[in-house]
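Survey of secondary and tertiary structure
One letter stands for each residue in the lines below.
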Amino acid sequence: MQGVNVKSEIGNLKKVILHRPGDELLNLTPNTLEELLFDDIPFLPVAQEEHDAFAKILRDEGVEVVYLEDLMAEVLDAKPELRRQFLDQWIYEAGIRTEMYHDIITDYIESNYADTKAMVMKTMAGINLQELPQKDTHLLVDMVSDRCKLVCAPMPNLYFTRDPFAMIGNGVSINRMYSQTRNRETIYGDYIFKNHPDFVGTPEYYSRNDTFHIEGGDILNINEHVLAIGISQRTEPDAIDHIAHNIFNDETSPIDTILAFNIPVSRAFMHLDTVFTQIDRDKFTIHPGIMGPLTVFEITPDGKGGTKIRERNEDLESVLSEYVGEKVTLIPCGGGDRIAAEREQWNDGSNTLCVRPGTVVVYQRNNVTNDVLYKNGINCLVMPSAELSRGRGGPRCMSMPAWREAL
Ligand SMILES: NC(=O)NCCC[C@H](N)C(=O)O
């Protein structure tokens, strides 16, 4: 499969990009949790077991699972001239601005991580000062600094592959992220989409150097013609204006409508996919907190290279029914019980990954919501979730579909 093809949220899933959590999770500490967007520290061996179970569920359903770290290593192995360029960029974006530290870190990586995949994994994990050889620099900073501190921060959110880049039809958005900690994640996607033979040539609708922030969790492919994007904590309206312009001006794209959903700014609602995901042709699972009137802006081309915007103030069900083309049912997370809804929403009860219409991957811990899904005829593929859920993302957040069959 060359390129990408994602024109719905529910078409038969054929290929997905994941990242198996690695040593970056070992570099989470209580003092850095908030900055690194975690609420607790997952136990790595169990998080990896859970993630392997997720990958197995997908493979058993006939999905090709590819890993971000393998794609990146394949790029660098095929084009060794990019290795140094990548390392320089990674070091610079980690905030290292002095030649001396740049050279120390480069030497350390080059002498200890000859294997490309190990090197890629190390860039994800981060570097502690005490790993580096202590030079006789006679610099005051080296005399007084705490030897146990991260000189290159880890990227613990990488296992949420949904966010740093997002497929839109046959194109991709390489995102500018909301937080400093997640911005370096997009380096990998940028190299892969510019260089990997399976992805090169994919139209790029947004670039990591664009000004405003937008994240993949806010981008939902409703159908071939309609895209939904959340205006959220993570995605600014200006980014949506910009991406709309680029999509409408790509004559190969059939998308003619973008729906911008204005959702409340909060951590529990950080992305559109934390408040609703599509699970069948006519069914969505949603957080009851956003039921009721919601402001939705319908953006369409104006025929002169610009866009026109129409404001809708209807409930979510009416808006989705209109664009999905049939009457939709919204299944509330927690089955209508407010406490269960809030608890399970916090652990991504409405963040499911649809493998084909009516079949979704869900977290085991959201048993109240999962029972409601079963009662509505949904086939739930249940994955273990005690540790992975500590990062505040569910099966949709942990996966980036690259290919879905047409409905
Ligand atoms: N699409 C998503 O909702 N992704 C989950 C991202 C969780 C991560 N800890 C974050 O705060 O960015």
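About the criteria used
- Residues numbered from 1 in each chain as written.
- Predicted model: local features only at pLDDT ≥ 70, side-chain atom pairs only at ≥ 80, totals over all residues.
- Heavy atoms only, no water.
- UniProt positions renumbered as here; feature names shortened; annotations may be inferred.
- Pairing = 2+ DSSP bridges.
- Helix = DSSP H or I, 4+ residues; strand = E, 2+ residues; numbered from the N terminus.
- Axes fitted to C-alpha atoms, helices over the stretch in contact; angles between N-to-C directions.
- Buried < 20%, exposed > 50% of the residue type's maximum accessible area, 1.4 Å probe, protein only.
- Core = buried A, V, L, I, M, F, W, Y, C linked by side-chain atoms within 4.5 Å.
- Domains from an automatic or database assignment.
- Contact = heavy atoms within 4.5 Å.
- Lys, Arg positive; Asp, Glu negative; His and termini not counted.
- Salt bridge = Lys/Arg side-chain N within 4 Å of Asp/Glu carboxyl O.
- Polar contact = N/O pair within 3.5 Å; in protein donor to acceptor, adjacent residues only side chain to side chain.
- Phe/Tyr/Trp six-rings, centres within 6.5 Å; stacked < 30°, edge-to-face > 60°.
- Lys NZ or Arg CZ within 6 Å of the ring centre and 35° of its normal.
- Near = heavy atom within 4 Å.
- Areas by Shrake-Rupley, 256 points an atom, 1.4 Å probe, with all protein chains shown as cover.

The chain has the name Arginine deiminase in an unreviewed UniProt entry, where Adlercreutzia mucosicola is given as its organism. Quoted straight from UniProt, the Subcellular location (unreviewed entry) entry for the chain says "Cytoplasm". Entered under Pathway (unreviewed entry) in the UniProt record, the comment concerning the chain runs "Amino-acid degradation; L-arginine degradation via ADI pathway; carbamoyl phosphate from L-arginine: step 1/2."

A few words on the sheet that holds strand β12 (residues 283-286). With respect to topology, three strands assemble into an open sheet ordered β11-β12-β15, the strand pairing being mixed. The sheet is open, and its two borders are formed by β11 (276-280) and β15 (329-332), each paired with just one other strand. Taking each pair of neighbouring strands and ignoring which way they run, the sheet shows an average axis angle of 30°. Inspection of the sheet shows β12 paired to β15 by four bridges, in the parallel sense. Bridge pairing links Lys283 to Thr329 in β15.

Another point: the UniProt feature "active site" (unreviewed entry) in the chain. Mapped onto the present numbering, the UniProt feature "active site" (unreviewed entry) falls on Cys397. Position of Cys397 relative to the elements: it lies in the loop between β18 (379-383) and β19 (400-404). By relative accessible area, Cys397 is classed as buried at 3%.

Among the nonpolar cores identified, the biggest contains 63 residues, and Trp90, Met167, Tyr188 and Ile258 are the most heavily contacted of them. Split by domain, this core shows at least three residues from each of two domains, domain 1 (13-70 + 156-404) and domain 2 (71-152). Residues in contact with Tyr188, not counting those within four places in the same chain, are Leu68, Met72, Phe86, Trp90, Val120, Thr123, Met124, Met155 and Leu158.

This part covers the side chain of Arg404. Within the secondary structure, Arg404 sits in strand β19. In this structure, Arg404 is buried with no salt-bridge partner, the nearest side chain bearing the opposite charge being Glu9 at 5.3 Å. Of the polar contacts made by the side chain of Arg404, one reaches the backbone oxygen of Gly11; its length is 2.9 Å. For Arg404, the side chain forms a polar contact with the main-chain oxygen of Cys354, separated by 2.8 Å. In this structure Arg404 touches Asn5, Val6, Ser8, Glu9, Ile10, Gly11, Asn12, Leu13, Lys14, Leu353, Cys354 and Val355, once residues within four positions along its chain are discounted.

To continue, consider the packing of aromatic side chains. To describe a pair of aromatic rings, you give the distance between the ring centres and the angle between the ring planes. Under the defined criterion, the tally for this structure stands at nine aromatic pairs. With 5.5 Å between their ring centres and 65° between their planes, Phe165 and Phe193 make a pair best called edge-to-face. Of this pair, Phe165 sits in strand β5 (residues 165-168) while Phe193 sits in helix α8 (residues 186-195), placing them 28 residues apart in sequence. Just as Phe165 is buried, Phe193 falls in that class too. Ring centres of Phe276 and Phe284 lie 5.8 Å apart, and the angle between their planes is 70°; on these two criteria the pair is classed as edge-to-face. As far as the burial class goes, Phe276 and Phe284 line up, both buried. Members of the aromatic cluster, connected to one another through ring pairs, are Phe38, Tyr159 and Phe160. Sitting over the ring of Tyr92, Arg97 keeps its end group 3.6 Å from the ring centre.

Within the structure, the ligand sits among 16 residues, and Leu37, Asn157, His271, Gly391 and Cys397 are positioned closest to it. Within the backbone of Leu37, an N or O atom sits 2.8 Å from a nitrogen atom of the ligand. His271 is positioned such that a nitrogen or oxygen atom in its side chain is 2.7 Å from an oxygen atom of the ligand. Isolated, the ligand exposes 350 Å² of accessible area, and the fraction of that covered by the protein chains is 100%.

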